[in-house]
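Here is how the chains run, residue by residue.
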Amino acid sequence: MLELTSIADLRAWSRAERSAGRLIGFVPTMGYLHEGHLSLVDEARRRTDSVILSIFVNPLQFGPSEDLSRYPRDIPRDRALASARGVDALFVPTVAAMYPPGSQVRLSPGPIADLWEGAARPGHFTGVLTVVAKLFHLVEPDVACFGQKDVQQLTLVRRMVRDLDWPVEIVAAPTVREPDGLALSSRNAYLNPEDRGRAVVLSRALHAAHQAWRGGETRATGLEARMRQELGREPTVAVEYISIADPETLEPVDTTDERTVVSIAARIGGTRLIDNIQLGEGIR
Ligand code: AMP
């Protein structure tokens, strides 16, 4: 596995792959890799010839009171996991390389970025789209893989690619979970054993909504009530929002169908977790 740190080396690698006729698959991450990230590598591998994974904890997408400084990092471990999974190239830039002094242009994501995660984390999606735009320009991937786990990010990346006519195919991969249902996340590392036990209530609430929907409840109010009932079993878990929304616009819906996305954000101790399902699929 090749390891690249400079933008010049990354561009040279990408140019060489393309001139050799190889399709490039790209998996952008913030590292501290887990099976969710690695499932995106597999997805990229199935569709392309050369897979590049980036690790960059992007300061632009963290608010001033968020967990940027304590975000988990372990490059040697990530390097071993990526290499064992067959990643061809690892891109690990420094903050100074990505945002040299004076860097100021930002990508404006539009109104979807003001909802849900964006309302809870002002500026978050400006940071996300700015870094994804930069990375897309540097890597020039044919395919880029994102997790359904961060559904609003996925929706906004799709929008950006569509609105700005980018020649890259965005592939979404299902959320990888622990055996008890908890969605894998680098932030799960923050949870102490008690909170880890409590965290399963997020996926339980989503599962309850899915069961109710399959049982014939199509009203969003009914599904939310069912979720809150389930969440009530863990009073220390503080729900930030429950969103029952259209998959394209992420606007709330009153009546649901199989495409409706049900999302939840909650705080457990000092840790903020998110999860979601599409009603037609449920917890997979
Ligand atoms: P992150 O490192 O958290 O920025 O995530 C990098 C990519 O991995 C994003 O596209 C995420 O949606 C995706 N991802 C994170 N957690 C999971 C998971 N549990 N299952 C599938 N994809 C995931």
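Preceding this paragraph is the structure being described.
Just so you know, these numbers come straight off a predicted model, no measurement behind them. One numbering rule holds for all chains: residues counted from 1, following each sequence as written. A pLDDT threshold of at least 70 governs which residues receive local features in this predicted model, and a stricter bar of 80 or more applies before side-chain atom pairs are shown or counted, although totals over entire chains, interfaces and linings include all residues. Side-chain figures throughout are based on the complete set of non-hydrogen atoms in the structure, without hydrogens or water.

K.L.:
Explain the site of the ligand here, please?
P.N.:
Residues are labelled near a given molecule or strand when at least one of their non-hydrogen atoms is within 4 Å of it. Taken together, 17 residues lie around the ligand, and Met30, His37, Asp150, Val176 and Leu184 are the ones closest in. A distance of 2.7 Å separates an oxygen atom of the ligand from a polar side-chain atom of aspartate 150. Leucine 184 has a polar backbone atom sitting 2.9 Å from a nitrogen atom of the ligand. Going along the chain from the N terminus, every DSSP run of H or I of four or more residues is numbered as a helix, and every run of E of two or more is numbered as a strand. Elements supplying a minimum of two residues to the shell around the ligand: strand E2 (24-29), helix H2 (35-47) and strand E5 (143-147). It is H2 that contributes the most residues to the shell around the ligand, three residues altogether. Split into classes, the residues belonging to the shell around the ligand amount to eight nonpolar, seven polar and two charged. In protein, a polar contact requires one atom able to donate a hydrogen and another able to accept it; more generally it is a pair of N or O atoms within 3.5 Å, and residues adjacent in sequence count only if both atoms are side-chain atoms. Think of it as three bins: nonpolar holds Ala, Val, Leu, Ile, Met, Phe, Trp, Tyr, Cys and Pro, charged holds Asp, Glu, Lys and Arg, and polar takes everything else, Gly as well.

K.L.:
How should the sheet that holds strand E1 (residues 2-4) be read in this particular structure?
P.N.:
Across a sheet, strands are paired by hydrogen bonds formed along the backbone, either parallel or antiparallel in direction. Within the open sheet, the six strands sit side by side as E1-E4-E3-E2-E5-E6. Their pairing is parallel. Unpaired on one side and paired on the other, E1 and strand E6 (169-173) mark the two borders of the sheet. Strand after strand, the sheet turns through a mean of 25 degrees between neighbouring axes, direction not considered. Two strands qualify as a pair provided that DSSP identifies no fewer than 2 bridges between them. Two elements, E2 and strand E3 (residues 50-55), share six bridges in a ladder whose sense is parallel. Helix axes are fitted only over the stretch in contact, all axes being lines through C-alpha atoms; the angle between N-to-C directions runs from 0 to 180 degrees.

K.L.:
Could you clarify how one ought to interpret H2 in this entry?
P.N.:
Helical periodicity: at 3.6 residues per turn, an α-helix aligns residues three or four positions apart in one direction. The first and last C-alpha atoms of H2 sit 19 Å apart over 13 residues, in line with the 18 Å expected at 1.5 Å per residue. Buried-residue contacts for H2 involve E2, E3, helix H3 (75-84), E5 and E6. The span one expects for a helix is its residue count, reduced by one, times 1.5 Å. Here, two residues are considered to be in contact whenever any of their heavy atoms come within 4.5 Å of each other.

K.L.:
Got a minute to help me understand the pattern of salt bridges in this structure?
P.N.:
Opposite charge on two side chains permits them to pair, given that their charged atoms come into close proximity. Whenever Lys or Arg places a side-chain nitrogen within 4 Å of a carboxyl oxygen from Asp or Glu, that contact is recorded as a salt bridge. Counted by the stated rule, this structure contains 24 salt bridges. Of the charged contacts in the structure, one is a salt bridge between aspartate 78 and arginine 77, with a shortest N-O distance of 3.9 Å. A salt bridge links arginine 267 to glutamate 240; the shortest N-O distance between them is 3.0 Å. Here the residue arginine 267 occupies a position in strand E8 (residues 261-268), and glutamate 240 occupies one in strand E7 (residues 237-245), the gap between them amounting to 27 residues. The class for glutamate 240 is partly exposed, based on a relative accessible area of 33%. One connected set of salt bridges, linked through shared partners, spans Glu117, Glu240, Arg267 and Arg272. Note on classification: 1.4 Å probe, protein chains only; a residue is buried when its accessible area is under 20% of the maximum for its type, exposed when over 50%, partly exposed between these limits.

K.L.:
Hey, could you run me through the nonpolar core in this one?
P.N.:
Taken as a class, soluble globular proteins show a tendency for nonpolar side chains to be buried jointly. Take the buried residues of types Ala, Val, Leu, Ile, Met, Phe, Trp, Tyr and Cys, join any two whose side-chain atoms come within 4.5 Å, and each joined set is a nonpolar core. Ranked by size, the top nonpolar core spans 40 residues in total, and within it Ile52, Phe136 and Ile170 carry the most contacts. Elements with a contribution of two residues or more to this core: helix H1 (7-19), E2, strand E4 (89-91), helix H6 (124-139), E5, helix H7 (151-163) and E7. For this core, the leading source of residues is H6, giving ten residues. The residues contacting phenylalanine 136, other than those within four sequence positions of it, are Phe26, Pro141, Ala144, Phe146, Val157, Met160, Val161, Trp166, Val168 and Ile170. With 25 residues, the next largest nonpolar core counts Ala199, Val201, Leu206 and Leu223 among its residues.

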